[in-house]
Amino acid sequence: MLRTTQVLALINKTTRRLAISSSNRFASSSSVTDAPEPEEQVAGATTKKLPPRLPLVKNFFVGLVDNELLAFPEVINREDMSKLQNELLPLKNFFNEDLTQEMLLSEKTLPKELPDNLKSLGLYGLNVSKDFDGKGWGYSESLMASEPESAATDVALSLLGHRAIVDVIQELGSDEQKNQLLTKLGNGSLVASEAIFEFDGAEDDFFNTKAHHELDTHTWILNGGKAFVICPPKSSDAAQLFLVVAQTSKSNVQTEAARSTTIFLVDSTMPGVKIGDRHATIGCGTTAIHHVQFENVRVPQSCILGHAHEGNVVADALLKSSRLRNSMVGLGLAKSILNEISQECIDRKLCGVVMKDLESVQTHLAKSYLSVYSMESMIYMTAGLLDEFNYPDVAVESAVTKYFTLKELLNISIRALDLIGPKSLIAGQTTEQFFRNASHLYTQGESVDNLSIFIALAGLQHAGTLMGDNIRKQRNPLYNPGHIFSKFMDRSTIDNPVTKMDCKEHLHPTLEPAALCLEHSVARLQMCVDLLFTRYGSGIVERHNESRRVADMATTIYAMFSSLARASRSYCIGLQHADHEMLTAMAICADGRDKVMTITKEIFNGSYVNNDNNLQRLSRQIVKSKGYFATHPLTYNF
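Rules of the game
- Residues numbered from 1 in each chain as written.
- Predicted model: local features only at pLDDT ≥ 70, side-chain atom pairs only at ≥ 80, totals over all residues.
- Heavy atoms only, no water.
- Helix = DSSP H or I, 4+ residues; strand = E, 2+ residues; numbered from the N terminus.
- Rg over C-alpha atoms; globule rule 2.2 N^0.38 Å.
- Buried < 20%, exposed > 50% of the residue type's maximum accessible area, 1.4 Å probe, protein only.
- Contact = heavy atoms within 4.5 Å.
- Areas by Shrake-Rupley, 256 points an atom, 1.4 Å probe, with all protein chains shown as cover.
- Lys, Arg positive; Asp, Glu negative; His and termini not counted.
- Charge placed at Lys NZ, Arg CZ, Asp CG, Glu CD.
- Expected span 1.5 Å × (residues − 1).
- Patch = residues over 30% accessible without salt bridge, like charges linked within 9 Å, V, L, I, M, F, W, Y side chains within 5 Å.
- Salt bridge = Lys/Arg side-chain N within 4 Å of Asp/Glu carboxyl O.
- Core = buried A, V, L, I, M, F, W, Y, C linked by side-chain atoms within 4.5 Å.
- Axes fitted to C-alpha atoms, helices over the stretch in contact; angles between N-to-C directions.
- Parallel < 35°, antiparallel > 145°, perpendicular 65-115°, else oblique.
- Left-handed = near helix turned anticlockwise from the far one by under 90°.
- Nonpolar A, V, L, I, M, F, W, Y, C, P; charged D, E, K, R; others polar.
- Pairing = 2+ DSSP bridges.
- Phe/Tyr/Trp six-rings, centres within 6.5 Å; stacked < 30°, edge-to-face > 60°.
- pLDDT = per-residue confidence, 0-100.

Participant: Would you mind showing me how to read the overall build of the protein here?
Facilitator: In terms of regular secondary structure, the protein is built from 19 helices and nine strands. Taking 2.2 N^0.38 as the reference for a compact globule, 638 residues should give roughly 26 Å; the C-alpha atoms of the protein span a radius of gyration of 26 Å, in line with that estimate. C-alpha extents for the protein along the principal axes are approximately 80 × 80 × 75 Å. Here the protein holds 638 residues, and the buried ones make up 51% of them. In the protein, once contacts between residues fewer than 6 apart in sequence are set aside, the share between residues at least 24 apart is 77%. Roughly 30300 Å² of accessible area belongs to the protein as shown, and the carbon and sulfur atoms make up 51% of that amount. The positive charge centre, built from 62 side chains, and the negative charge centre, built from 73, are 5 Å apart in the protein.

Given below as structure tokens:
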């Protein structure tokens, strides 16, 4: 969803807002642990949820851990969980018996009766409020309800955008939009699609799709085209709703500040809306993915979601939901791959030895399992934060969850090819389709590379606000000798960080070594952030290699945190296989500690030691030569 131009805009915005050179940031009397003031919250907050907490992952960047969240969120009580599990039985039966992934692969198209089945199962309205005849389920419940369909990747991907749009309409839509749309969206008589991505990105603007306002008619004229629009299954009498992001210009503003975005809800029956050709994609072949064209579409003012020229506010809410639900689709596929290769390793022999007994195979299976456990823990931790607290700041958590899920999903699909061997080359093999679908999810919507930059910039912006005073002193050592001396005398090092987080006090005692791994990793991330600000100042936003490293560290730490919290809860309440969950969490934290340590050393060593400088020099020569430039190895020079 985020394109390069948007990332550059975020970089510029972050550069202006970083507090390194600001002398007033720390003048505020509020502490880093203070709760937000009530007047800062959005009006109309529900009283059923707890007051908002400080952001979890963003505070990792400043060396803080919210220990209370190590009690894994339990937002569904025992009674409601029992009811939910009973309601999910028809869904599980349908996707296990009537519509399996194997059936989709063999038929190469979604069944015609699928929309009616989805309606009868209530899958269009899982997250629609009960006030509008929906299920009224929160994030945790609706994600749990979408697990059965996640085994059929094409169906889950088709419904993803529909549910994300329902979430954002319920959060930011007007009363008129809610009354007009939510009931229809819940019963499937209206299906929703995100129309955001453009095949050819605008070189100088945010989007090629633009809208201008006609003052006399109070309407907007929309022109442009959107690519890779996923159209959910719908019956012949159902209408379609597009959530369109368009570039608009603020009136009476002459500078670049006039450029903005506005989000419109456009009905497919409006004159000028044309659903074009279907895209043939690398994976998810039965998912209907189309090009949509808008030619002089007259959109009334009432169809603006949020406010005009404030599309970024709506986009934040949309991305939060979309990224989390996208992660659930990836989790379902990852589980399917793990189950498939596990069965293959049990049934198949290699040179007279059952594959499951080979050490290399055992390592592959265990690493895939660790990844799936981390994905699941992160998804439900983030969903729990959304359900338990009023308007939580989980933009980074949802981004981190998607970033981790898609990267690990692709790795798992490659491990499956490695285990199955040349048999995977045959078209139509299950592992081949798994790899195609994993590749499709990896590239669908927004670039994973841009996602890592967003994670880093959001965290660094938060850290810059809180660490500005210290950074300013460190960048001016001659004027602050006392601060530099105290820094020099600090006993904490990257090899032996000194921490006072006491994470072990909020976990089962068995997990004390793993809790120490988490604490050391958070401390190292904070050291890296401190060093990068001191070394580069606000120029850190242009150091994408360092940003990617920081994003990988934050992602790894969140995976450790979520897995620890989940395993501790499982063991304390006596869930089945809880002892193996403890082992899983300890393995995740041991791997995470080593990964964070490696990245920390790369950052501290600098570009001339960690190879960044060499790579940049080589890239300049590649561009200069317009490709591969090395002379053939058998060439003579005499």
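Participant: Just to check I follow, could you spell out helix α18 (residues 578-605) for this structure?
Facilitator: Working note: α-helix, 3.6 residues per turn, so residues spaced by three or four point in the same direction. Helix length check: α18, at 28 residues, gives a terminal C-alpha distance of 40 Å against a target of 40 Å (1.5 Å per residue), a fit within 8%. Where α18 terminates, the next one or two residues include G606, which has phi positive at roughly 85°.

Participant: What is the right way to look at a nonpolar patch on the surface in this model?
Facilitator: Taken together, the side chains of L615, L618, I622 and F629 define a hydrophobic patch exposed on the protein surface, amounting to about 350 Å² of accessible area. Examined against the element boundaries, L615 turns out to sit in helix α19 (residues 612-625). For L615, a relative accessible area of 48% gives the class partly exposed.

Participant: I tried to follow the pattern of salt bridges on my own but got confused; where do I start?
Facilitator: Side-chain pairing between opposite charges can occur once the charged atoms of the two side chains come close. Inspection of every chain in the model, using the stated rule, returns 28 salt bridges. Note that K135 is salt-bridged to E87, the shortest N-O span being 3.5 Å. One end of the pair, K135, is in the loop between α5 (114-121) and α6 (139-145); the other, E87, is in helix α3 (residues 78-98), and 48 residues separate them in sequence. For K135, a relative accessible area of 27% translates into the label partly exposed. For E87, a relative accessible area of 37% corresponds to the partly exposed category.

Participant: I tried to follow the nonpolar core on my own but got confused; where do I start?
Facilitator: The nonpolar side chains of soluble globular proteins are, as a tendency, buried together. Among the nonpolar cores identified, the biggest contains 127 residues, and F60, V155, L525, Y558 and F561 are the most heavily contacted of them. Looking at this core element by element, the count peaks at 13 residues for helix α11 (residues 359-388). Beyond its immediate chain neighbours, meaning those up to four positions away, Y558 contacts L56, V57, F60, M378, M381, T382, L385, E397, V400 and T401. Counting residues in each nonpolar core, the second largest holds 24 residues, with F132, V166, F206 and A317 among its members.

Participant: Help me understand the packing of helix α8 (residues 153-172) against helix α9 (residues 175-187), please; the structure alone is not making it clear to me.
Facilitator: A packed helix pair is summarised by two numbers, namely the angle formed by the two axes and the spacing between the axes. Put simply, α8 and α9 touch, their axes get as near as 11 Å, and they point 150° apart. The pairing of α8 with α9 is recorded here as roughly antiparallel in orientation. Along this stretch, α8 crosses α9, giving a crossing that reads as left-handed. Residue-level inspection shows H162, V166, I169 and Q170 of α8 in contact with α9, the latter providing K178, L181, L182 and L185. Here the residues of the contact of α8 with α9 sort into five nonpolar, two polar and one charged.

Participant: Even after reading the chapter, I still don't get unusual backbone geometry, so can you show me in this structure?
Facilitator: Note on backbone geometry: most residues besides glycine have negative phi, and most peptide bonds are trans. A positive phi angle is found at C284, which is not glycine, with a value near 50°. In this structure, C284 sits in the loop between β6 (273-278) and β7 (288-300). With relative accessibility at 1%, the residue C284 sits in the buried group. In this model, N611 sits at a positive phi of 85°, which is unusual for a non-glycine residue. Among the secondary structure elements, N611 is positioned in the loop between α18 and α19. Assessed through its relative accessible area of 36%, N611 is described here as partly exposed.

Participant: I'm lost on the side chain of N59 in this one. Help?
Facilitator: Structurally, N59 can be placed in helix α2 (residues 56-60). Non-local contacts of N59, meaning those with residues more than four positions away in its chain, are made with L54, L64, H462 and L466.

Participant: How do you make sense of the pairing of β7 when you look at a structure like this?
Facilitator: Here strand β3 (residues 219-231) runs beside β7; their pairing, made up of 10 bridges, is antiparallel. Following the sheet pairing, I221 is matched in β7 by R298. Bridge analysis of β6 against β7 gives four bridges, and the strand direction is antiparallel. When the bridges of β7 are listed, R278 appears paired with H290.

Participant: So what exactly am I meant to see when it comes to the side chain of K320 here?
Facilitator: Its place among the elements puts K320 in helix α10 (residues 311-347). Judged by relative accessible area, K320 falls into the buried class, the value being 13%.

Participant: When you look at the packing of aromatic side chains in this model, what are you seeing that I'm missing?
Facilitator: Here a ring pair, both rings aromatic, is described through the centre-centre distance and the interplanar angle of the planes. Per the stated rule, a full pass over the model turns up seven aromatic pairs. Plain terms: the ring middles of F94 and F95 are 5.0 Å apart, the flat faces sit at 85° to each other, and that makes the pair edge-to-face. A residue is classified by how much of its surface remains accessible, and F94, at 8% relative accessible area, is buried. Using a relative accessible area of 4% as the deciding quantity, one classes F95 as buried. Arranged with centres 6.2 Å apart and planes meeting at 45°, the rings of Y369 and Y373 form a pair that is tilted.

Participant: What is the right way to read the confidence of the model for the protein from this model?
Facilitator: Low pLDDT means the predicted coordinates in that region are not meant to be read closely. Per-chain confidence: the protein averages 87 in pLDDT, with 90% of residues scoring 70 or above. Below a pLDDT of 50 lies the segment residues 1-47, which in the model reaches 83 contacts outside its immediate sequence neighbourhood of four places, other chains included.

Participant: It is not clear to me how the environment of V57 should be interpreted in this structure. Could you clarify?
Facilitator: Mapped onto the elements of the fold, V57 is located in helix α2. Looking at V57, the relative accessible area reads 0%, which means it is buried. C-alpha of V57 to C-alpha of I346: the two residues are 289 residues apart in sequence and 39 Å apart in space.

Participant: Just checking my understanding: could you explain the pairing of β3 for this structure?
Facilitator: β3 sits mainly inside the fold: 11 of its 13 residues count as buried. Pairing of strand β2 (residues 210-214) with β3 involves five bridges; the strand directions are antiparallel. Counted as the bridge partner of H213 is W220 from β3. Where β2 folds back on β3, the antiparallel hairpin that results is connected by four residues, among which H218 adopts a positive phi of roughly 55°.

Participant: So what exactly am I meant to see when it comes to the packing of helix α14 (residues 448-474) against helix α16 (residues 512-536) here?
Facilitator: Orientation of α14 relative to α16, taken along the N-to-C sense of each, is 60°, at an axis distance of 10 Å. Considered as vectors, α14 and α16 are oriented oblique to each other. Handedness of the crossing formed by α14 with α16: right-handed. Contacts from L460, A463, G464, M467, I471 and Q474 in α14 reach Q526, V529, D530, F533 and T534 in α16. For the contact of α14 with α16, a count of residues per class yields six nonpolar, four polar and one charged.

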